[in-house]
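Examination of the molecular architecture
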Amino acid sequence: DDENKKLLESRTAPKETTKIYTIKVQSKAIDGKNLQQIRQLIGRQFVVSRQLSDGNFTVPNGKTIIHNNDLILVVSTEADSNAIVDLMGELSDYDWTASENKMISRRIVITRGVINGKTLASLKLRTVNVNCTRVIRSGFDLLASPDLVLQVGDRVMVVGTPDAIKRVEDMLGNTLKRLDEPHIITIFVGIFFGILFGSIPFFIPGMPMPVKLGLAGGPLVVSILLGRFGSKLKLITYTTQSANLMLREIGITLFLASVGLASGGKFVETVISGNGLIWVMCGFIITTLPLLIVGFVGRKLLKMNYFNLMGLLSGSMTDPPALAYSNATAGNDAPAISYSTVYPLTMFLRVVLAQILILAFA
């Protein structure tokens, strides 16, 4: 329980979260300037979702003039909030309930594939009198900056009139049923180019034979690139949580089955004959000793979270069964996140260094 509490506290660090607050404008420096000029003057990223000026509620845009004594509802990162308040005026506890008669806020899910890879600015939501305040992706709040690249599955928080919100829903999709449809083409593109990339020989000076990433390293590198740049290529990488878990479990099952079929036939014969027991003992020591050392250093000296440490050790061994056990033990996704941070580099080193060592001592 203590580990879970510490983990949740670490995930809700103020510097990574967005904050919504009301400011009563009191500044001679920004009085009479529009929002675009104010952003340049302050030098911080923020979004103004609503404005109360002379008793009128509006959804402001970049050309909206801000005056002293105006009330504005601001969305920014927690780290920038204090600076923005100091430069613009003072915090207010104003209740914006009265504004809901003219404008509403709505969370819209992006389900149309044509939106995937587009920037927020390219949607030109201001032309339909709608303001986007933040984007929620994989449980994280992202500030709605103009250059933010949108993906299918993102949840966009918008403010505007009911009619304008309806037009934005039609533009973005907001059809949850579409998210249940698997995007198989992206998976097969990743597999195909991963196999091709893994077959490319890399020549290293002094080595008699080229090095290849193979079926393990090639798809891994391509999948990382697709996750980073797939939206720019109009490839939808979103998968539902259930589909993700199914693919993960199938992959682990096939991996264990292939290992068992490949090495199980002569396992007993190998162990009991010749130096089999010595090799097994050496393998046990080589596997266990580094884990004990890294676990002790990470837990006792670096004070790492236990769940994160489980994922880190599983990833350092590139061991999917260990990850499955870690996830089941932790009951959260902390081990999987730590696993994904170290697994690509470890797998790459295993594939490449193994071939280099074999060729070097051949």
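See above for the structure.
So, a few notes on the structure that sits alongside this text. Predicted, not measured: the structure shown is a model, and the values here were computed from it.

Right, let's talk about the environment of Leu312 for a bit. With respect to the secondary-structure elements, Leu312 resides in helix α11 (residues 306–316). The residues touching Leu312, leaving out its near neighbours within four places in the chain, are Val294, Met304, Ser338, Tyr339 and Val342.

One number sums up the size of the second largest pocket: a volume of about 470 Å³. Contributing to the lining of the second largest pocket are 21 residues, with Arg39, Arg126, Asn131, Ala144 and Pro146 lying nearest its centre. Those elements that provide at least two residues to the lining of the second largest pocket are α2 (35–42), β3 (46–53) and β9 (130–137). Taken together, the residues of the lining of the second largest pocket sort by class into 12 nonpolar, six polar and three charged.

Turning our eyes to something else, we now look at the packing of aromatic side chains. If you walk through the whole model with that rule in mind, you get four aromatic pairs. Ring centres 5.2 Å apart and planes at 80° place the aromatic pair Phe192 and Phe193 in the edge-to-face group. A residue is classified by how much of its surface remains accessible, and Phe193, at 45% relative accessible area, is partly exposed. Pairing Tyr306 with Phe307 gives two aromatic rings, centres 6.1 Å apart and planes at 55°, and the pair type is tilted. When its relative accessible area of 9% is taken as the criterion, Phe307 is described as buried. One aromatic cluster is present, formed by Phe57, Tyr94 and Trp96 through successive ring pairs. The lysine or arginine in question, Lys19, covers the ring of Tyr21, its NZ or CZ lying 5.7 Å from the ring centre. Above the plane of the ring of Phe46 lies Arg39, whose end atom (NZ or CZ) is 5.3 Å from the centre.

All right, on to the sheet that holds strand β11 (residues 155–160) then. Across the sheet, four strands lie side by side as β8-β11-β9-β10; this open sheet has antiparallel pairing. The open sheet terminates on both sides in strands that have one partner only, identified here as β8 (104–109) and β10 (140–143). Taking the axes of each pair of neighbouring strands and ignoring which way they run, one obtains an average angle of 30° across the sheet. Where β9 meets β11, six bridges bridge the pair, whose relative direction is antiparallel.

Let us now look at helix α13 (residues 334–360). With 27 residues, α13 should cover 39 Å at 1.5 Å per step; its first-to-last C-alpha distance of 39 Å lies within 8% of that length. At Tyr343, α13 shows its largest bend, some 35°, and a proline, Pro344, comes one to four positions later.

With that settled, the discussion passes to the packing of helix α8 (residues 241–263) against helix α12 (residues 320–330). Contact geometry for α8 and α12: axes closest at 10 Å, N-to-C directions at 135°. Compared by their axis directions, α8 and α12 come out oblique. Crossing geometry of α8 relative to α12 is assigned as left-handed. Residue-level contacts link Arg248, Ile252, Phe255 and Leu256 of α8 to Pro320, Pro321, Ala324 and Asn327 of α12.

Rules used throughout
Residues numbered from 1 in each chain as written. Predicted model: local features only at pLDDT ≥ 70, side-chain atom pairs only at ≥ 80, totals over all residues. Heavy atoms only, no water. Helix = DSSP H or I, 4+ residues; strand = E, 2+ residues; numbered from the N terminus. Contact = heavy atoms within 4.5 Å. 1 Å grid on protein atoms, 1.4 Å probe; cavity = no way out; pocket = protein on both sides within 12 Å on 5 of 7 lines; lining within 4 Å. Points joined across faces, edges and corners; volume = space filled by probe spheres on them. Nonpolar A, V, L, I, M, F, W, Y, C, P; charged D, E, K, R; others polar. Phe/Tyr/Trp six-rings, centres within 6.5 Å; stacked < 30°, edge-to-face > 60°. Buried < 20%, exposed > 50% of the residue type's maximum accessible area, 1.4 Å probe, protein only. Lys NZ or Arg CZ within 6 Å of the ring centre and 35° of its normal. Pairing = 2+ DSSP bridges. Axes fitted to C-alpha atoms, helices over the stretch in contact; angles between N-to-C directions. Expected span 1.5 Å × (residues − 1). Bend = angle between axes of the 7 residues up to and from the residue. Parallel < 35°, antiparallel > 145°, perpendicular 65-115°, else oblique. Left-handed = near helix turned anticlockwise from the far one by under 90°.

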